[in-house]
Amino acid sequence: MAPLPQARSSPPAHGATFLDALQEEQRRELRRRATPRRFPRGGALAHTGQVGDRVFVIVSGHVKLTRVTPEGRDVMLALRGPGDLVGEQSAIDGEVRSATITALDAVEALAITPADFLTYVTTVPDAALYVMRTLAERLRDADGKRVEHAAHDVVGAGAVLAQTMPKVYEASASVLVQSVDQDTNAQGGRTKGAVNLDTEAQLVGSGAVAAKAAALMRSDVSPIELARSVSVQVPANTTVLVITFKAETPAGAQAGSHAFAEAYLRNREETARAQLDKQIQSLNLKVKQLTTTLTGINAKLAGARKGSSTESNLLSLRNNSQNQLNSLTGRLNELTTTMVGGGSIISDSRLPEEPTSPNTLLNVG
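Residues numbered from 1 in each chain as written. Predicted model: local features only at pLDDT ≥ 70, side-chain atom pairs only at ≥ 80, totals over all residues. Heavy atoms only, no water.

A. Focus on the environment of Thr 295. The residue Thr 295 is located in helix α9 (residues 250-303) in this model. Considering only alpha carbons, one finds Thr 295 and Arg 318, 23 residues apart in sequence, at a separation of 9.4 Å. Looking at Thr 295, its side chain comes within polar contact range of the main-chain oxygen of Thr 291, at 2.9 Å. (Helix = DSSP H or I, 4+ residues; strand = E, 2+ residues; numbered from the N terminus. Polar contact = N/O pair within 3.5 Å; in protein donor to acceptor, adjacent residues only side chain to side chain.)

In structure tokens form, the structure reads like this:
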């Protein structure tokens, strides 16, 4: 056993150890009551929750006092070295140990039973004064921490509440809507042109667009649920739709906004293409009918007498039919070469840096 540190002849200064507080004779009396113990590096002097059957005075080496949080994380409460007293709290209050004591290197200590420790402290004023001062310092430190925590409660309460609430991120994409043949602006529509932006804004959240957005996102969430996370705004005096999507992650918000913008444009293009195909089909039918009519007129002309009124009527009828056919053919050629495009994304969604909610300061209120 290493020799005990030399006692001080003057009163111990603030921060002095337990052995520093004792006179030489008091230290000898402590040794007579105690049992020398040695602990290797990493060895446990005591465990949290154990009955306190020993109080330790560190002679050499160092120990750490730790406690495990409810989340399973080790928290270091204190470090103790030569001359320090450890484990006295359970001896004084009779409760189980509140911390685990572990050797950080080779440790030599004096171990004394709780009963002998209490007898020693009650008969040695210097020891009693040291223990009272130590407990008072710990109480003062605990009070200081309570005040410090209370000072942060106003904002801290909001922050804690904010942490428990799900975060919501928003991302927006801007779509320039271009007029297509099937557009008809209802009376009172948002713009004076052919595009009714009120209708278009509603279409963004429609089932058809939401289903396309879900496919683009490869999402397992139903289109109906996805549509609830999307909103649309129309800036004044524009033909622009600002499509905003809310999600629990920045990437989710960005992907959702882009997907709904892309899905809206695809749906608009498909609708325009379907209308165009319908017009082409109708014109083809009329061209076919007129061609058949012209064939019949030409057959009758072949048998008509030259200069007769019948020939004159058939020629007039053929000219009219040919003009109609030329007009229909021209329109048909125009439609078959039409490029369908209902708009474009002029500002794609960006990855949001901060959530839009919860708001810490608002939560405090």
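B. Highlighting the nonpolar core. In this structure, Val 175, Val 177, Val 204, Leu 241, Ile 243, Phe 260 and Tyr 264 are the most contacted members of the largest nonpolar core, which totals 28 residues. Per element, the largest residue contribution to this core is seven residues, and it comes from α9. Listed in part, the 21 residues of the second largest apolar core include Ala 21, Leu 22, Val 59 and Val 121. (Core = buried A, V, L, I, M, F, W, Y, C linked by side-chain atoms within 4.5 Å. Buried < 20%, exposed > 50% of the residue type's maximum accessible area, 1.4 Å probe, protein only.)

C. The arrangement of unusual backbone geometry in detail. For Arg 218, which is not glycine, the phi dihedral falls at a positive 55°. If you trace the backbone, Arg 218 turns up in the loop between α7 (207-217) and α8 (223-227). Judged by relative accessible area, which is 78%, Arg 218 ranks as exposed.

D. Quick look at the packing of α9 against helix α10 (residues 309-336). Where α9 meets α10, the closest approach of the two axes is 9 Å, and the angle between their N-to-C directions is 155°. Between α9 and α10, the angle is such that the two are roughly antiparallel. Relative to α10, the crossing made by α9 is left-handed. A per-class count over the contact of α9 with α10 returns 15 nonpolar, nine polar and five charged. (Axes fitted to C-alpha atoms, helices over the stretch in contact; angles between N-to-C directions. Parallel < 35°, antiparallel > 145°, perpendicular 65-115°, else oblique. Left-handed = near helix turned anticlockwise from the far one by under 90°. Nonpolar A, V, L, I, M, F, W, Y, C, P; charged D, E, K, R; others polar.)

E. Representation of the sheet that holds strand β11 (residues 240-247). The strand order across the open sheet formed by four strands is β10-β11-β9-β12, and the pairing between neighbours is antiparallel. Edge strands, defined here as strands with exactly one partner in the open sheet, are β10 (230-233) and β12 (343-347). Mean inter-strand twist for the sheet, computed between neighbouring axes without regard to direction, equals 30°. The sheet contact formed by strand β9 (residues 169-177) and β12 spans four bridges and is antiparallel. Bridged to Ser 174 within β12 is Ser 347. Helix-sheet contacts for α9 involve β9, β10, β11 and β12, and the interaxial angle to β9 is about 20°. (Pairing = 2+ DSSP bridges. Contact = heavy atoms within 4.5 Å.)

F. Representation of the pattern of salt bridges within the structure. For the coordinates displayed, the defined rule picks out 17 salt bridges. Here Glu 334 and Arg 331 are joined by a salt bridge, their closest N and O atoms 3.1 Å apart. With Glu 334 and Arg 331 both in helix α10 and three residues apart, the pair spans about one turn of that helix. With relative accessibility at 47%, the residue Glu 334 sits in the partly exposed group. Among the ionic contacts, a cluster of salt bridges with common partners joins Glu 24, Glu 25, Arg 27, Arg 28, Glu 29, Arg 32, Arg 33 and Asp 116. (Salt bridge = Lys/Arg side-chain N within 4 Å of Asp/Glu carboxyl O.)

G. Expanded view of the pairing of strand β7 (residues 100-103). Where burial is concerned, the two faces of β7 agree: the one with Thr 100 and Thr 102 and the one with Ile 101 and Ala 103 are both buried. One ladder, built from two bridges, connects strand β2 (residues 44-46) with β7; its direction is antiparallel. Each bridged residue has a counterpart across the sheet, and for Ala 46 the counterpart in β7 is Ile 101. Relative to β7, strand β4 (residues 63-68) runs antiparallel, the two being bridged by four bridges. Looking at β7, one finds that Leu 65 is bridged to Ile 101.

H. Highlighting the packing of aromatic side chains. In the structure shown here, the tally under the stated rule is three aromatic pairs. Judged by centre distance (5.8 Å) and plane angle (25°), the rings of Phe 245 and Phe 260 are stacked. Note that Phe 245 is positioned in strand β11 and Phe 260 in helix α9, a separation of 15 residues in sequence. Taken individually, Phe 245 and Phe 260 each receive the classification buried, so the pair is uniform in this respect. (Phe/Tyr/Trp six-rings, centres within 6.5 Å; stacked < 30°, edge-to-face > 60°.)

I. Inspection of the pairing of β4 at higher detail. With six bridges joining them, β4 and strand β5 (residues 74-80) adopt antiparallel strand pairing. Across the sheet, residue Leu 65 finds its bridge partner in β5, namely Ala 78. The hairpin turn running from β4 into β5, its antiparallel successor, is five residues long, and Gly 72 in that turn takes a positive phi close to 90°.

J. Expanded view of α7. Taken together, the buried positions of α7 are occupied by Val 209, Ala 210, Ala 213 and Ala 214. Looking down the long axis of α7, one finds its buried residues gathered within 140° of arc, a one-sided arrangement. (Arc of directions from axis to C-beta.)

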